[in-house]
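Breakdown of the fold
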Amino acid sequence: MLLRLPTSVSEAQECLAEGAVPVGGATLVWATWQREGFPELAMSLRKLPQANVIGAERLGAAVLLGQIDGRVPDVLRRAAGTVGTGAVRRAATVGGNLVGSALRCLLPAALVLDARATVLESDGVRETDLAEVVAKRPLLLNLHWSAPLACAYRKLPADAGAPPPLVVASALHAGDGAGAGEGGGAGYGVRVTVAVRDGYEVFEGAAVTGADPEETLESLRATALGDLPAAAWRIVRPQVLDLLARER
């Protein structure tokens, strides 16, 4: 297998045109390759600047999960820190987790940030949403978002071999400012987003916050989140209430 390490977007496009198979840490494909055979040509983005950025509003697809730190919103940092073991986090990448994994541990966190994806295709770079990233699995370059007012994350413990543990992520986003409290705190016009991984499915919903937190929760129940079991809502409810309280 020949591994290419492009250092520019144009070079990465050439690799795609030549049929190179994108790889990150190869944590999800190595066993398959050993069993079924290695591709003739592979490509890693670890030398591509656009895929290695880490910041308050952007995260590259080639960034290792173990490299994700306080430069990104806490919901993403905490999500990355719960993936696998330390050895896995030192090899697995953001792109591999979102595009190649069935669990997609980073997806709830990215969804509540309203993240958009920059992807590379043979005819150029374009922006898309996370739904397309999950469904079509394009070559992800990076994620970008607007920094939230506040965010929260919780992943329940699970035994080895058990079904995927419940994950709840949430974030507050500034709206048009109408009725917002002094200093940008939660109030009218501020939006709360919630994403829950229940099994292998991810549910998401959003609501504009008001004076009554219970009304905000009822608005969230009117979204796809309303289909969640009571056990999930026992995590969602206090997390959302705490998030709203922190910004009032």
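Quantities reported herein were computed from a predicted structural model and do not represent experimental measurements. (Residues numbered from 1 in each chain as written. Predicted model: local features only at pLDDT ≥ 70, side-chain atom pairs only at ≥ 80, totals over all residues. Heavy atoms only, no water.)

1. A closer look at the pattern of salt bridges
Applying the stated criterion across every chain yields a total of 9 salt bridges. With a shortest N-O distance of 2.9 Å, Arg 71 and Asp 69 are connected by a salt bridge. Given the relative accessible area of 45%, Arg 71 is considered partly exposed. A salt bridge links Asp 114 to Arg 191; its shortest N-O distance comes to 2.7 Å. Taken together, the positions of Asp 114 in the loop between helix 6 (107-112) and strand 5 (116-121) and Arg 191 in strand 10 (residues 191-198) put the pair 77 residues apart, joining distant regions of the chain. (Salt bridge = Lys/Arg side-chain N within 4 Å of Asp/Glu carboxyl O. Buried < 20%, exposed > 50% of the residue type's maximum accessible area, 1.4 Å probe, protein only. Helix = DSSP H or I, 4+ residues; strand = E, 2+ residues; numbered from the N terminus.)

2. Section: the sheet that holds strand 9 (residues 167-173)
What the 4 strands build is an open sheet, ordered 8-9-10-11; its pairing is antiparallel. Of all strands in the sheet, those bounded by a partner on one side alone are strand 8 (150-155) and strand 11 (201-208). Taken over all neighbouring pairs, the strand axes of this sheet differ in orientation by 10 degrees on average, direction set aside. Of the pairings in the sheet, the one linking strand 10 to strand 11 comprises 8 bridges and is antiparallel in character. Note on strand 11: the bridge partner recorded for Val 196 is Phe 203. Sitting on the sheet, helix 3 (residues 74-81) touches strand 8 and strand 9, and the angle it makes with strand 8 is about 20 degrees. Against the sheet, helix 8 (residues 213-221) touches strand 10 and strand 11, its axis set at about 135 degrees to strand 11. (Pairing = 2+ DSSP bridges. Axes fitted to C-alpha atoms, helices over the stretch in contact; angles between N-to-C directions. Contact = heavy atoms within 4.5 Å.)

3. Overview of the sheet that holds strand 7 (residues 139-144)
Read across the sheet, 4 strands follow the order 4-7-5-6 without closing on themselves; strand pairing throughout is antiparallel. Every interior strand has two partners, whereas the edge strands, strand 4 (58-60) and strand 6 (124-128), have only one. When the angles between neighbouring strand axes are averaged without regard to direction, this sheet yields 25 degrees. Pairing analysis gives 3 bridges linking strand 4 to strand 7, with the strands arranged antiparallel. Bridge pairing in strand 7 places Gly 60 opposite Asn 142. The sheet strands contacting helix 1 (residues 9-17) are strand 5, strand 6 and strand 7, and the helix crosses strand 5 at an angle near 60 degrees.

4. So, the packing of aromatic side chains
Taken as a whole and judged by the stated rule, the model has 0 aromatic pairs. The positively charged end of Arg 221 is found above the aromatic ring belonging to Trp 233, 4.0 Å away from the centroid. (Phe/Tyr/Trp six-rings, centres within 6.5 Å; stacked < 30°, edge-to-face > 60°. Lys NZ or Arg CZ within 6 Å of the ring centre and 35° of its normal.)

5. Quick notes on the confidence of the model for the protein chain
Of the residues in the protein chain, 91% have a pLDDT of 70 or more, and the chain-wide mean is 89. Note on residues 177-187: pLDDT is under 50 here. Beyond four places in sequence and across chains, it has 19 contacts. (pLDDT = per-residue confidence, 0-100.)

6. Some remarks on unusual backbone geometry
Keep in mind that most residues, glycine aside, have a negative phi and that most peptide bonds are trans. With phi around 50 degrees, Arg 104 is a residue other than glycine that occupies positive phi space. Within the secondary structure layout, Arg 104 lies in the loop between helix 5 (94-100) and helix 6.

7. Section: the packing of helix 8 against helix 9 (residues 230-246)
Direction vectors running N to C along helix 8 and helix 9 enclose 135 degrees, while the axes themselves pass 10 Å from each other. Considering their axes alone, helix 8 and helix 9 lie oblique with respect to each other. For the pair helix 8 and helix 9, the sense of crossing is right-handed. Taken together, the residues of helix 9 that come into contact with helix 8 (itself represented by Pro 213, Glu 214, Thr 216, Leu 217, Leu 220 and Arg 221) are Trp 233, Arg 237, Val 240, Leu 241 and Leu 244. Taken together, the residues of the contact of helix 8 with helix 9 sort by class into 7 nonpolar, 1 polar and 3 charged. (Parallel < 35°, antiparallel > 145°, perpendicular 65-115°, else oblique. Left-handed = near helix turned anticlockwise from the far one by under 90°. Nonpolar A, V, L, I, M, F, W, Y, C, P; charged D, E, K, R; others polar.)

8. Thoughts on the environment of Ala 92
The residue Ala 92 is located in the loop between helix 4 (86-89) and helix 5 in this model. Ala 92 sits in the buried class, given a relative accessible area of 10%.

9. With respect to the side chain of Thr 128
Mapped onto the secondary structure, Thr 128 falls in strand 6. There is a polar contact of 2.4 Å between the side chain of Thr 128 and the side chain of Glu 132. Here Thr 128 is in contact with Arg 116, Ala 117, Val 119 and Val 133, once residues within four sequence places are set aside. (Polar contact = N/O pair within 3.5 Å; in protein donor to acceptor, adjacent residues only side chain to side chain.)

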